[in-house]
Amino acid sequence: MIETNNILSNRVINLKASATFAMSQKARSMKAQGIDIIDLSVGEPDFKTPNYIQTAAKEAIESGKYFGYPPAAGYKELKEEIVKKFRNENNINCEIDQIIVTNGAKQALSDSFFCLLNPGDEVIIFAPYWVSYTAMVEIAGGKPIIVQGSSSNNYKVTAQQLENAITSKTKAIIYSSPCNPSGSVFTKNELLEISEVLLKHKNIITIADEIYEHINFTGEYFSLGSIDTIEDRVITINGFSKAFAMTGWRLGYLAAPKFIAKTISNLHGQISFGASTISQRAGISALKAGKEKVKYMIDAYKERRNILIDYFNEHLPNIKISKPDGAFYLFPDISFYFGKTDGEQTINNSTELSYYILEKAKVALVSGETFGYKNCIRISFAASKQDLIEAMNRIKDVLLKLK
Ligand code: PMP
Ligand code: GLU
């Protein structure tokens, strides 16, 4: 009999399945058994990829020109569009050899960690954080250092907190803005304050995950990579999955200092090669058409956010909730229910509450523990209004049973 513990590497032996996917898989298998589940667990647009993007992909196939390997760092035409996008929308000045096209933003993130981390290097992760950051840092041999943003500051970490967390072992910092899961968006002033701290630490690279950039209800957006005093120490991550409803196309990108971009390109050459050719051709049309063409989706997310916030305020006043400025998640504080029971089951934490809601209300959500914030729960509103209202009615009914 093979001893499995002696086979797997130390790097992956304790690796868990992504909690967001684990919950959505559970919801899917319950659905397959005929159970009427509403799945608000995984963060995936409920819209179809727009037609003009689909058309570009079909034309790419029909042309017969894109069946071979692409360049490892991405097609030149796509990288040119990305450079333009960064310049026009983010005020980030970069050259084409600073851009790498990736298999989703996920690969852009893991590329960055693999190229930066040596065993024991610390990565400061702003919490609440997206679930895969800690896993990726650990696989790459780094040590996650979690710094929690306070709920009174809309879950945002301050420059002072960052300064306090930096040690001689700090190699990198990562955050998302808009944040998955809290929806918070860093303001220009907050990022300028953070840049003052970074200015003192020349060997720390900050990874700014801007994948939800366009799903922003504030009308204002600022990128850390646009601050010229630190621009040579920032990797900006973005992609097509969220704003363009292209999760399945697996297309993302990053802008990095040249020496890092060159190394990532070499890494691609060795372990994955470039992102799918057809997806890249589709990506060119998405960027050329720009964000105005996908505004209908952003407007819909905003409307759903407002409906949900009103619902919570009216029907579930014991839940503390802040209005997310972006992304498509609510991250309410549900700690009021800890220690309460429906007569059969006592709820002790947010994981137990998420399973209680799954079993009793048949709604799939993700526990805040997954995101480093144990008092909260994440609700994705990338679902139809009808499903959201039905889900909220069901959640309310089962929560009101907890005494
Ligand atoms: N960053 C964040 C904050 C995310 O929520 C996600 C979720 N998909 C990703 C990166 C990865 O996106 P992609 O689908 O482009 O790999
Ligand atoms: N980013 C989405 C989420 O947080 C998709 C799932 C994942 O990539 O883990 O739910």
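Residues numbered from 1 in each chain as written. Chains lettered and ligands numbered in written order. Predicted model: local features only at pLDDT ≥ 70, side-chain atom pairs only at ≥ 80, totals over all residues. Heavy atoms only, no water.

**A closer look at the side chain of Ser112**
Then comes step 1: One can find Ser112 in helix 5 (residues 104-116).
Then comes step 2: In this view, Ser112 contacts Ile207, Ile235, Ile237, Leu254 and Ile264; residues no more than four positions away in its chain are not counted. (Helix = DSSP H or I, 4+ residues; strand = E, 2+ residues; numbered from the N terminus. Contact = heavy atoms within 4.5 Å.)

**Side note on the sheet that holds strand 11 (residues 366-367)**
Then comes step 1: The strand order 9-12-11 describes an open sheet built from 3 strands, whose pairing is antiparallel. Of all the strands in the sheet, the pair left with one neighbour each is strand 9 (329-330) and strand 11.
Then comes step 2: Note: strand 11 against strand 12 (residues 377-380), 2 bridges, orientation antiparallel. From the neighbouring strand, Val366 faces strand 12, where its bridge partner is Arg378.
Then comes step 3: Here helix 12 (residues 350-361) sits on the sheet and contacts strand 11 and strand 12; the angle it forms with strand 12, its principal contact strand, is near 40°. (Pairing = 2+ DSSP bridges. Axes fitted to C-alpha atoms, helices over the stretch in contact; angles between N-to-C directions.)

**Let's talk about the pairing of strand 5 (residues 170-176)**
Then comes step 1: A large share of strand 5 lies buried, amounting to 6 of its 7 residues.
Then comes step 2: By the bridge criterion, 5 bridges tie strand 5 to strand 6 (residues 205-209) in an arrangement that is parallel. The residue of strand 6 that forms the bridge with Ile174 is Ile207.
Then comes step 3: At this point the chain moves from strand 5, through helix 8 (residues 188-199), to the parallel strand 6, and the crossover so formed is right-handed. (Buried < 20%, exposed > 50% of the residue type's maximum accessible area, 1.4 Å probe, protein only. Right-handed = clockwise from strand over helix to strand, strands pointing away.)

**Let's talk about the site of ligand 1**
Then comes step 1: Around ligand 1 sit 13 residues in total, of which Ala105, Asn180, Asp209, Tyr212 and Arg250 are the nearest.
Then comes step 2: Lys242 has a polar side-chain atom sitting 2.9 Å from a nitrogen atom of ligand 1.
Then comes step 3: In the environment of ligand 1, an oxygen atom lies 2.7 Å from a nitrogen or oxygen atom belonging to the side chain of Arg250.
Then comes step 4: No other element matches helix 5, which puts 4 residues into the shell around ligand 1.
Then comes step 5: Partitioning the shell around ligand 1 into residue classes produces 6 nonpolar, 3 polar and 4 charged. (Near = heavy atom within 4 Å. Polar contact = N/O pair within 3.5 Å; in protein donor to acceptor, adjacent residues only side chain to side chain. Nonpolar A, V, L, I, M, F, W, Y, C, P; charged D, E, K, R; others polar.)

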